[in-house]
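Architecture and fold: a report
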Amino acid sequence: MTTNGYANPGALVSTEWLAERLHEPNIRVVEVDEDTTAYERGHISGAVGWNWTTDLHTPVVRDYVGREALSSLLSAAGVTDQTKVVLYGGNHNWFAAYAYWILRLRGYTTVALLNGGRTKWELENRPLTQEIPEYAATGFALTGPERPEIRAMRDEVLAEEDGPTRLVDVRSPEEYRGEKLAPDHLPQEQAYVPGHIPGAANIPWARAANDDGTFKSADELIALYAENGITADNPVIAYCRIGERSSHTWFALYELLGYPNVRNYDGSWTEYGSMVGVPVQLG
């Protein structure tokens, strides 16, 4: 396991740890990538591929699949009550962290991120395969309670703007300042207006990661957030564009640093920046 002074070191596993246990029956590896075709081109042996758009979201309403659908997804991956799910993906695990947060939101607890994700696995020249594994459905059903306290809805965000809660905008500085509505390679989800929530600190999500995709140490993370007024003493709400980058920041603050009151505003700027009459700041 990875430690580095983390409050919950079990939330991460190292590439070495996974390589040694790759084909143990109670380990199930799941790839969730921004590029939904990456899995087909090559993935960790035995890994299941989840499409973040079609597998994790409802087909009509902007929301995540419920517990029944998520249970079916886990069942189809061969997950049982004894299984530890290990999530990984490209681009420093940003969509793997998104899937992690959704699993925790819906009450699944036996889950970890592969520290460094696809980036570190490939840097170490570890093998990838195009072979698609087949697992018998297990009939697994989620039974633990959901975790609505780790999610912020729009009315809660609006109510907190003048309160003690610290808002963290984890998008790029260009998005934060209002110069861009979305990353250049992801133009499909955009808000109606540019800018950021007034008072939000801009701490781009990727600053929490090293060049090899691994998370920085606890001391480094504490310093990164503290210099922007984000400490364990205040409630925190993180947001980005659609909630995926802010899931990565939520993971760093909540799981790795153990800050007790951290929520992910998954409506993020695509929702906030399209609402009528709410305060918006540029620059």
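This is a predicted model, so every value here is computed, not measured.

In this structure, Trp50, Leu74, Leu87 and Tyr225 are the most contacted members of the largest nonpolar core, which totals 60 residues. With 11 residues, helix α4 (residues 94-105) is the single largest residue contributor to this core. Residue contacts for Tyr225: discarding those within four places in its chain leaves Ile203, Ala208, Ile230, Thr249, Ala252, Leu253 and Leu257. Membership of the second largest hydrophobic core comes to 14 residues, among which are Val13, Ile44, Tyr88 and Ala112.

Pairing within the open sheet is parallel, and its 5 strands lie in the order β1-β5-β4-β2-β3. In this open sheet, the two strands that pair with only one neighbour each are β1 (12-13) and β3 (48-50). Direction of pairing for strand β4 (residues 84-88) relative to strand β5 (residues 111-114): parallel, over a ladder of 3 bridges. For Val85, the partnering residue across the bridge sits in β5 and is Val111.

Scanning all chains against the criterion turns up 14 aromatic pairs. Look at Tyr100 and Trp250: their rings are 6.3 Å apart centre to centre, the planes differ by 50°, and that puts the pair in the tilted class. With Tyr100 in helix α4 and Trp250 in helix α9 (residues 244-256), this residue pair connects regions lying 150 residues apart in the sequence. Grouped by ring-pair contacts, the aromatic residues Trp52, Tyr64, Trp94, Phe95, Tyr98, Trp101 and Trp205 constitute a single cluster.

Before going further, it helps to spend a moment on the sheet that holds strand β7 (residues 201-202). Strands sit in the order β7-β6-β8-β9 across an open sheet of 4 strands; the sheet is parallel. Both outer strands of the open sheet, β7 and β9 (262-265), are each paired with one neighbouring strand and no more. As judged from the 2 bridges shared by strand β6 (residues 166-169) and β7, these two strands associate in the parallel manner. Paired with Val168 across the two strands is Ala201, which belongs to β7. Where α9 meets the sheet, its contacts fall on β8 (236-239) and β9, and the angle it forms with β9 comes to roughly 175°.

The subject of this paragraph is the UniProt feature "domain: Rhodanese" (unreviewed entry) in the protein chain. Those residues carrying the UniProt feature "domain: Rhodanese" (unreviewed entry) are residues 23-130 and 161-281 in this numbering. Here residues 23-130 runs as 31% helix and 17% strand, with 16 Å between its end C-alpha atoms.

Looking now at the environment of Pro9. If you trace the backbone, Pro9 turns up in the segment before β1. With relative accessibility at 28%, the residue Pro9 sits in the partly exposed group. When the C-alpha positions of Pro9 and Gly199 are compared, they lie 32 Å apart, and in sequence the two are 190 residues distant.

Next up on the list: the pairing of β5. For a regular strand, the rule is simple: side chains alternate between the two faces of the sheet. Strand direction decides the pairing type here: β1 and β5, joined by 2 bridges, are parallel. Paired with Val13 across the bridge in β5 is Leu114. Handedness of the β4-α4-β5 crossover: right-handed.

Every buried residue of helix α8 (residues 218-226) is accounted for by Ala218, Leu221, Leu224 and Tyr225. Angular distribution of buried residues about the axis of α8 spans 125°; they occupy a single face of the element. Among the structural elements, α9 are those in contact with the buried residues of α8.

This brings us to the pairing of β9. Of the two faces of β9, the one holding Val262 and Asn264 and the one holding Arg263 and Tyr265 are both buried throughout. Sheet topology note: the β8/β9 ladder contains 4 bridges and is parallel. Bridging from a neighbouring strand, Tyr239 pairs with Tyr265 of β9. Handedness of the β-α-β unit built from β8, α9 and β9 comes out right-handed.

Bringing the pattern of salt bridges into the picture now. Under the defined criterion, the tally for this structure stands at 23 salt bridges. Asp33 serves as the salt-bridge partner of Arg118, at 3.6 Å between the closest nitrogen and oxygen. Remark: Asp33 occurs in the loop between β2 (27-32) and α2 (38-41) and Arg118 occurs in helix α5 (residues 117-123); sequence separation between them is 85 residues. Asp33 matches Arg118 in its accessibility class, with the two residues each being buried. Residue Glu255 is joined to Arg104 by a salt bridge in which the shortest nitrogen-to-oxygen separation is 3.1 Å. Pair noted here: Glu255 is in helix α9 and Arg104 is in helix α4, with a separation of 151 residues, a long-range link.

Another aspect to go through is unusual backbone geometry. You will see that Asn125, though not glycine, has its phi angle at about 60°, which is positive. With respect to the helices, strands and loops of the structure, Asn125 is situated in the loop between α5 and α6 (154-160). For Asn125, a relative accessible area of 70% corresponds to the exposed category.

Thresholds applied
Residues numbered from 1 in each chain as written. Predicted model: local features only at pLDDT ≥ 70, side-chain atom pairs only at ≥ 80, totals over all residues. Heavy atoms only, no water. Core = buried A, V, L, I, M, F, W, Y, C linked by side-chain atoms within 4.5 Å. Buried < 20%, exposed > 50% of the residue type's maximum accessible area, 1.4 Å probe, protein only. Helix = DSSP H or I, 4+ residues; strand = E, 2+ residues; numbered from the N terminus. Contact = heavy atoms within 4.5 Å. Pairing = 2+ DSSP bridges. Phe/Tyr/Trp six-rings, centres within 6.5 Å; stacked < 30°, edge-to-face > 60°. Axes fitted to C-alpha atoms, helices over the stretch in contact; angles between N-to-C directions. UniProt positions renumbered as here; feature names shortened; annotations may be inferred. Right-handed = clockwise from strand over helix to strand, strands pointing away. Arc of directions from axis to C-beta. Salt bridge = Lys/Arg side-chain N within 4 Å of Asp/Glu carboxyl O.

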